[in-house]
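So the chains spell out like this:
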Amino acid sequence: MMKNPFHPGEILLEEFLKLAELTQTAFAKDIGWTRPRLNAFINGKHNVTANMALDLAEATRTTAKFWMNLQASWDLAQALKKRKAA
């Protein structure tokens, strides 16, 4: 497990949107999401669901499993932080 994994939304922004020079508005429209929904995801306020993973995989030419694995890594890291803090 990565020591400090990034939230999948941050990966989407840094590795896909910025590199493709896509705005959040354009990407949200392309995948059928609202801009607020996409922005909340990018800012780590929403986690990847299976349906979201399918949308993201299609739009980024990756796999749903890629997005679900990013989310699982993030979730485990957050749980570990909470456990260590307790």
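Residues numbered from 1 in each chain as written. Predicted model: local features only at pLDDT ≥ 70, side-chain atom pairs only at ≥ 80, totals over all residues. Heavy atoms only, no water.

Engineer: When you look at the pattern of salt bridges in this model, what are you seeing that I'm missing?
Structural biologist: Pairs can form between side chains of opposite charge whenever their charged atoms are close. For the coordinates displayed, the defined rule picks out one salt bridge. Among the ionic pairs, Lys18 bridges to Glu14, the shortest N-O distance being 3.0 Å. Taking the relative accessible area as the measure of exposure, Lys18 reaches 48% and is therefore partly exposed. (Salt bridge = Lys/Arg side-chain N within 4 Å of Asp/Glu carboxyl O. Buried < 20%, exposed > 50% of the residue type's maximum accessible area, 1.4 Å probe, protein only.)

Engineer: Can you help me understand the environment of Ser73 in this one?
Structural biologist: In this structure, Ser73 sits in helix H5 (residues 64-85). In sequence terms Ser73 and Pro8 are 65 residues apart; their C-alpha atoms lie 9.3 Å from each other. (Helix = DSSP H or I, 4+ residues; strand = E, 2+ residues; numbered from the N terminus.)

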